[in-house]
Amino acid sequence: MDFNKYKWKARLLVINTPTYKYKEYLLTKEIYQKYIKDFHKRFVKLVTKVNKNMDFNISLIGFDGKVKKKFKKLEYKKIFSLIDKMPLEN
């Protein structure tokens, strides 16, 4: 998946999930929707990659296109705190 079109435009929360019906994935989507205004305020887009051979995980990708942190579940408070400390210059 090519994330270059988002570079310097948005941060990404990339969810790797075995299926769209996976329990953790559904919970993550629910949390994202609940706090969508806070995610949008921080320019965070949600991107899902389905791969039956991968374990569930979430990657936070910065404006520069680099992975900043990986999570096993969506810890929105930790993610917001991390993002709020990130510099915005390129």
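Just above, that's the structure.
Worth saying up front: this structure is predicted, and the values here are computed from it rather than measured.

Calculation criteria
Residues numbered from 1 in each chain as written. Predicted model: local features only at pLDDT ≥ 70, side-chain atom pairs only at ≥ 80, totals over all residues. Heavy atoms only, no water. Salt bridge = Lys/Arg side-chain N within 4 Å of Asp/Glu carboxyl O. Buried < 20%, exposed > 50% of the residue type's maximum accessible area, 1.4 Å probe, protein only. Helix = DSSP H or I, 4+ residues; strand = E, 2+ residues; numbered from the N terminus. Contact = heavy atoms within 4.5 Å. Polar contact = N/O pair within 3.5 Å; in protein donor to acceptor, adjacent residues only side chain to side chain. Core = buried A, V, L, I, M, F, W, Y, C linked by side-chain atoms within 4.5 Å. Pairing = 2+ DSSP bridges. Axes fitted to C-alpha atoms, helices over the stretch in contact; angles between N-to-C directions.

Explain the pattern of salt bridges to me, using residue names and the numbers behind them.
According to the stated counting rule, one finds 4 salt bridges in the structure shown. Residue Lys 78 pairs with Glu 75 through a salt bridge whose shortest N-O separation is 3.0 Å. Judged by its relative accessible area of 46%, Lys 78 falls in the partly exposed class. Since its relative accessible area comes to 27%, Glu 75 is described here as partly exposed.

I'd like a description of the environment of Thr 19, backed by residues and values.
With respect to the helices, strands and loops of the structure, Thr 19 is situated in the loop between strand S1 (11–17) and helix H1 (23–34). A sequence separation of 32 residues divides Thr 19 from Asn 51, and the C-alpha atoms of the two residues are 7.2 Å apart. For Thr 19, the residues in contact, after removing those within four places along its chain, are Tyr 25 and Val 50. A polar contact of 3.3 Å, which involves the side chain of Thr 19, links it to the backbone nitrogen of Lys 21.

Mind laying out the nonpolar core, listing which residues take part and the relevant values?
Formed by 16 residues in total, the largest nonpolar core has its most connected members in Leu 13, Phe 39, Ile 58, Leu 60, Leu 74, Ile 79 and Ile 83. Those elements that provide at least two residues to this core are S1, H1, strand S3 (57–61) and helix H3 (76–84). The greatest single-element share of this core, amounting to 4 residues, is contributed by H3. Apart from residues lying up to four places away in sequence, Ile 58 is in contact with Leu 13, Val 14, Ile 15, Thr 28, Lys 69, Lys 70, Phe 71, Lys 73 and Leu 74.

Account for the sheet that holds strand S2 (residues 44–50), with residues named and values stated.
Sheet architecture is open: 4 strands sit in the order S2-S1-S3-S4, paired in mixed fashion. Both outer strands of the open sheet, S2 and strand S4 (67–71), are each paired with one neighbouring strand and no more. When strand polarity is set aside, the average angle formed by the axes of neighbouring strands in this sheet is 20°. Pairing between S1 and S2: 7 bridges, direction parallel.

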